[in-house]
Amino acid sequence: MKNPIATCFLVLAVTLGWGSHRAWADFELPITNQVPKIISVPSDVDLEKLGRIVDVRNLTLEIRMIHGNLLPGKLFKMLREKFDKSKKRIVLSGKIRQDHISQLRRLKNLEIMYDIGRLKLEPTTINELYSLGPVHKTVILNEKFDKDMLTSVLGLKFTDPAIRVLKGTLSEQQIDWLSRDKKKKKTVLISPDTRLQDIYELTVISPLALEVLTANNRIEDKLFKVLTDLSGVELTLLVNGRLTLDDAKKFARLERFKLKIVLDKDVSSIPGLIQLLNRIAPP
């Protein structure tokens, strides 16, 4: 015969969610789809603090190179050992030398992001990117890109274009060039004050991804409504380490999205950020 006291205790435990922090967390953050987290840090990051990030689930660790494209030895060692199973994204710029290529090829689960800045995409740079081998690459163009630059990126294997548009918008001609290709993902990085009409005009591009820079981890209601209305567009929200539960609750209204948390070398963030990021997930 079952113990009535034990049965009563079990029912009470289930009702109150004892032993199941996730049940309470899922009520606070009703998320039904996986939320990939990209944590971005500079290459001179505090390694002791960086080590704590390994506990974030569904993680891509992005390293923004600060002084050239050669990873510091201790950071490289940590990436190979502590973050061996994590996805890693290295953000490069300038010249990619053979020693950079040799080092990067020793990392697993790697993708490359190359930022051309205000420069042109030279043939030598295209060759250097090709030399990185069959890893996924994203080339960030500025808002002044021309057809030849875009054609060069689209012609590279394993490579997608991204365009940074933090002021103004793309021209009709640029949008037309981007919309002609239907195979490679095109990512557009936009500011929180981008005109809503400009966002709608981008939707002729397919496949399209938007990276939205938030204003202190918040998005104005009008812009947020536009984002919720977009169909078939991959969304990434750029936030900082001061992300709060209230911020996350609003983001949870989006059906699908990624979070990119941009940190400084001291990994400045609120206490409990890792725990909060792990809560932003489905049951």
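Residues numbered from 1 in each chain as written. Predicted model: local features only at pLDDT ≥ 70, side-chain atom pairs only at ≥ 80, totals over all residues. Heavy atoms only, no water.

*Asks:* I tried to follow the packing of aromatic side chains on my own but got confused; where do I start?
*Replies:* Working definition: an aromatic ring pair is given by the centre-to-centre distance plus the angle between the planes. Counting across every chain of the model gives 1 aromatic pair. Ring centres 6.2 Å apart and planes at 65° place the aromatic pair Phe145 and Trp177 in the edge-to-face group. Here the residue Phe145 occupies a position in the loop between strand S5 (136-142) and helix H7 (147-154), and Trp177 occupies one in helix H8 (residues 172-180), the gap between them amounting to 32 residues. For Trp177, a relative accessible area of 13% corresponds to the buried category. The side chain of Lys250 reaches across the aromatic face of Phe224, ending 5.3 Å from its centre. (Phe/Tyr/Trp six-rings, centres within 6.5 Å; stacked < 30°, edge-to-face > 60°. Helix = DSSP H or I, 4+ residues; strand = E, 2+ residues; numbered from the N terminus. Buried < 20%, exposed > 50% of the residue type's maximum accessible area, 1.4 Å probe, protein only. Lys NZ or Arg CZ within 6 Å of the ring centre and 35° of its normal.)

*Asks:* It is not clear to me how the layout of surface pockets should be interpreted in this structure. Could you clarify?
*Replies:* Roughly 680 Å³ of volume is contained in the largest pocket. Along the walls of the largest pocket sit 38 residues, with Glu62, Arg89, Met113, Glu211 and Lys260 positioned nearest its centre. If one sorts the elements of the lining of the largest pocket by residue count, strand S8 (residues 208-213) sits on top with 5 residues. Tallied by class, residues from the lining of the largest pocket come to 17 nonpolar, 8 polar and 13 charged. Here the second largest pocket is characterised by a volume of approximately 320 Å³. Contributing to the lining of the second largest pocket are 17 residues, with Val233, Leu235, Glu255, Arg256 and Phe257 lying nearest its centre. Contributions of two or more residues to the lining of the second largest pocket are made by helix H10 (221-229) and strand S9 (234-240). When the residues that make up the lining of the second largest pocket are grouped by side-chain class, the tally is 7 nonpolar, 5 polar and 5 charged. (1 Å grid on protein atoms, 1.4 Å probe; cavity = no way out; pocket = protein on both sides within 12 Å on 5 of 7 lines; lining within 4 Å. Points joined across faces, edges and corners; volume = space filled by probe spheres on them. Nonpolar A, V, L, I, M, F, W, Y, C, P; charged D, E, K, R; others polar.)

*Asks:* Teacher, can you tell me more about the pairing of strand S7 (residues 186-190) here?
*Replies:* The two faces of the sheet receive side chains in turn, since in a regular strand these alternate between them. Extensive coverage of S7 is indicated by the burial of 5 of its 5 residues. Of the two faces of S7, both are covered, the one formed by Lys186, Val188 and Ile190 as well as the one formed by Thr187 and Leu189. The β-α-β motif built from strand S6 (residues 159-165), the intervening H8 and the parallel element S7 has right-handed crossover chirality. Alignment of S7 against S8, held across 5 bridges, turns out to be parallel. (Right-handed = clockwise from strand over helix to strand, strands pointing away. Pairing = 2+ DSSP bridges.)

*Asks:* When you look at the confidence of the model for the protein in this model, what are you seeing that I'm missing?
*Replies:* Reading fine detail from the predicted coordinates is not recommended where pLDDT is low. In the predicted model, the protein carries a mean pLDDT of 89, and the fraction of residues at 70 or more is 90%. Counted against residues more than four places away or in other chains, residues 4-26, with its pLDDT under 50, gives 15 contacts. (pLDDT = per-residue confidence, 0-100. Contact = heavy atoms within 4.5 Å.)

*Asks:* Just to check I follow, could you spell out the pattern of salt bridges for this structure?
*Replies:* Pairs can form between side chains of opposite charge whenever their charged atoms are close. Tallying each qualifying case throughout the model produces 16 salt bridges. The residue Lys95 makes a salt bridge to Glu128 at a minimum N-O spacing of 2.9 Å. Taken together, the residues span a long stretch of sequence, with Lys95 in the loop between strand S3 (87-92) and helix H5 (98-104) and Glu128 in helix H6 (residues 123-131) at a distance of 33 residues. A relative accessible area of 56% means that Lys95 is categorised as exposed. Across the pair Asp221 and Lys250 runs a salt bridge, and its minimum N-O distance is 2.6 Å. (Salt bridge = Lys/Arg side-chain N within 4 Å of Asp/Glu carboxyl O.)

*Asks:* For this particular structure, what's the right way to read the nonpolar core?
*Replies:* Across soluble globular proteins, nonpolar side chains show a tendency to be buried alongside one another. Of all hydrophobic cores here, the largest spans 78 residues; its most connected members are Leu71, Ile90, Leu210, Leu259 and Ile280. In contact with Leu71, other than residues within four places in its own chain, are Ile63, Met65, Phe76, Leu79, Ile90, Gln103, Leu104 and Leu107. Of all hydrophobic cores here, the second largest spans 5 residues; its members include Val91, Met113, Ile140 and Leu189. (Core = buried A, V, L, I, M, F, W, Y, C linked by side-chain atoms within 4.5 Å.)

*Asks:* In this structure, what is going on with the sheet that holds S8? I would like to understand it.
*Replies:* Strands pair in a sheet through their backbones, by hydrogen bonds, and they do so in one of two ways: parallel or antiparallel. Spatially, S1-S2-S3-S4-S5-S6-S7-S8-S9-S10 is the arrangement adopted by the 10 strands of the closed barrel, whose pairing is parallel. On average, each strand axis in the sheet is tilted by 20° relative to the strand beside it, whichever way the strands run. Sheet topology note: the S3/strand S4 (residues 110-115) ladder contains 5 bridges and is parallel. Note on S4: the bridge partner recorded for Leu92 is Tyr114. (Axes fitted to C-alpha atoms, helices over the stretch in contact; angles between N-to-C directions.)

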